[in-house]
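# Breakdown of the fold
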Amino acid sequence: MQVKSICCIGAGYVGGPTMAVIAQKCPHIKVTVVDVNASRIAAWNDENLDNLPVFEPGLDNIVGEARGRNLFFSTDVDQAIDEADMIFISVNTPTKTYGKGKGMAADLKYIELCARQIASVSKTNKIVVEKSTLPVRTASAIKNILDHTGNGVEFQILSNPEFLAEGTAVEDLFAPDRVLIGGDTSDKGQEAIQALVDVYANWVPKERILTTNVWSSELSKLTANAFLAQRVSSINSLSALCEKTGADVNEVAKAIGLDSRIGSKFLKSSVGFGGSCFQKDILNLVYIAKTYGLNEVADYWEQVIIMNDYQKNRFSNNIVSTLYNTVSGKKITFLGWAFKKDTNDTRESAAIQVADNLLNEQAQIEVYDPKVIEERMYADLDYLNTRTEDENRSLLKVKNDPYEACKDSHAIAVLTEWDEFKTYDWQRIYDNMLKPAFVFDGRGILDTKALEKIGFVCYSIGKG
Ligand SMILES: NC(=O)c1ccc[n+]([C@@H]2O[C@H](COP(=O)([O-])OP(=O)(O)OC[C@H]3O[C@@H](n4cnc5c(N)ncnc54)[C@H](O)[C@@H]3O)[C@@H](O)[C@H]2O)c1
């Protein structure tokens, strides 16, 4: 079967970039991305490509090329489902905030809504692709809903988890380490797998397209995120020991990373990992292990999250203790709010927890981030419910100019590794700060030796 029309439900950080790349690489396929969020769809359709809702280097050019040709963004979910041979589900799967599994299990209500909508609208056979990250065995629930429509339409369910990293999404989609496709072992399942393989084969070398059974594919995505986050927590745990012993975590990371059995990637110590996926996917893995009675397995993976929380709190505690045990009324400047550089995504960003801790100590925070808008920062803080919305707005201010944000500050905290922070005129920043002028580099990106020469008092994660 040759796919001619694709619908993707969910125009977020995964659905938008993934479908833009499929449309660009497969001009013979019509790709329609739909979402219930009308303002998000309007932003995807904005004439000015600077206003796309997702910032990713290179994405604007791809959307500019394919949009209106074979890439469309719409709020008409029913029509797009009806027209498509293949439907990707790319909606959010956050951690449950209520009921059974609260705080751990994945909330699958958006997935279920999609399945029900596909079931009620479809008049022809469809291949339904799980692009969202889902607990292992979700495909059977989706199949169950789809098979009970009673209108004779046949559905094949595939699992095709997305491995892109925000900030490098376009690169990752152009040249993925692998594409994983899980499907049913029946003939029809294999046909569906082949149809999706043929889509990716337009630009991905065949040997990088891996096919498995559905359960292996679903579980591989959770496992990949758990392993990546575990590496960050492992090196972060050692950053604390480096600070006590005089070792340098960057030197340790380099020394162990050169061991080909370990490898050098994901060994950068920091104020803690963020992003929408690592925490929620590990908690989901922990929950799944617990439901199967595998408590030791659950505890093992939960420690990755505990270590990450420890690292964020350790960073803010260190700021307080270094500033003579009080930050009350003191101005602290945050450079960065996004969870990593080259994205405007702030979900689970370490900056949020660090800010919340310092606001509890009555600090006055001013933030500069090159891509994150003010409303997003306040929404992140309000979501924690620690204080009133008015208090958040009066204690934390957002500046569009980094020098303005650093002026009259007691301390600067680097929360995101944006490249531009390295090239600032740090002498000018120093001259306009209160003395002693402190810098807390939560990302290890600044040249602390040069800063110390200027007169700054520096703390860099993992340096004794
Ligand atoms: N963000 C990442 O880096 C990343 C990477 C790999 C996998 N994933 C997974 O991909 C999935 C999507 O993540 P995301 O970051 O793109 O989420 P997102 O929140 O940015 O986007 C999800 C979109 O789905 C829409 N939506 C929800 N229910 C809908 C419905 N019933 N009909 C139409 N639209 C609906 C929402 O309005 C939202 O715009 C998640 O399962 C996530 O775990 C994310």
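Right, let's walk through the structure included here. Please read these numbers as outputs of a predicted model, since none were measured by experiment.

### Some points on the overall build of the protein chain
Looking only at helices and strands, the protein chain has 18 helices and 14 strands in total. For the protein chain, the spread of C-alpha atoms along the three principal axes comes to 75 × 50 × 45 Å. Counting the 464 residues in the protein chain, one finds 53% classified as buried. For the protein chain, contacts bridging at least 24 residues in sequence account for 75% of all contacts bridging at least 6. For the protein chain, the accessible area works out to roughly 20,500 Å², and carbon and sulfur atoms hold 50% of it.

### Some thoughts on the site of the ligand
Near the ligand lie 25 residues; those nearest to it are D35, R40, T93, E166 and K280. Look at the ligand: alone it shows 830 Å² of surface, and the protein chains cover 92% of it. Considering only residue class, the shell around the ligand consists of nine nonpolar, nine polar and seven charged.

### Some points on the packing of helix α6 (residues 138–147) against helix α9 (residues 214–245)
The relative placement of two packed helices is expressed as an angle between their axes plus a distance between the axes. Here α6 crosses α9 at 125 degrees, and the two axes come no closer than 9 Å. Between α6 and α9, the interaxial angle falls into the category oblique. Along its contact with α6, which presents T138, A139 and S140, the element α9 presents V214, W215 and E218. Residues belonging to the contact of α6 with α9 are distributed by class as follows: three nonpolar, two polar and one charged.

### Notes on the sheet that holds strand β10 (residues 364–368)
Across the sheet, six strands lie side by side as β11-β10-β9-β12-β13-β14; this open sheet has parallel pairing. Edge positions in the sheet fall to β11 (396–398) and β14 (457–460), since each has one partner strand and no second. Shown here is a sheet whose adjacent strand axes are inclined to one another by a mean of 20 degrees, direction ignored. As defined by bridge partners, strand β9 (residues 331–335) adjoins strand β12 (residues 411–414) across four bridges and the pair is classed as parallel. Bridge pairing links L335 to V414 in β12. Across the face of the sheet, helix α12 (residues 295–322) comes into contact with β9, β12, β13 (438–441) and β14 while running at roughly 165 degrees to β13. The strands touched by helix α14 (residues 374–384) within the sheet are β10 and β11, with β11 carrying the most contacts at an inclination of about 160 degrees.

Definitions and limits used
Residues numbered from 1 in each chain as written. Predicted model: local features only at pLDDT ≥ 70, side-chain atom pairs only at ≥ 80, totals over all residues. Heavy atoms only, no water. Helix = DSSP H or I, 4+ residues; strand = E, 2+ residues; numbered from the N terminus. Buried < 20%, exposed > 50% of the residue type's maximum accessible area, 1.4 Å probe, protein only. Contact = heavy atoms within 4.5 Å. Areas by Shrake-Rupley, 256 points an atom, 1.4 Å probe, with all protein chains shown as cover. Near = heavy atom within 4 Å. Nonpolar A, V, L, I, M, F, W, Y, C, P; charged D, E, K, R; others polar. Axes fitted to C-alpha atoms, helices over the stretch in contact; angles between N-to-C directions. Parallel < 35°, antiparallel > 145°, perpendicular 65-115°, else oblique. Pairing = 2+ DSSP bridges.

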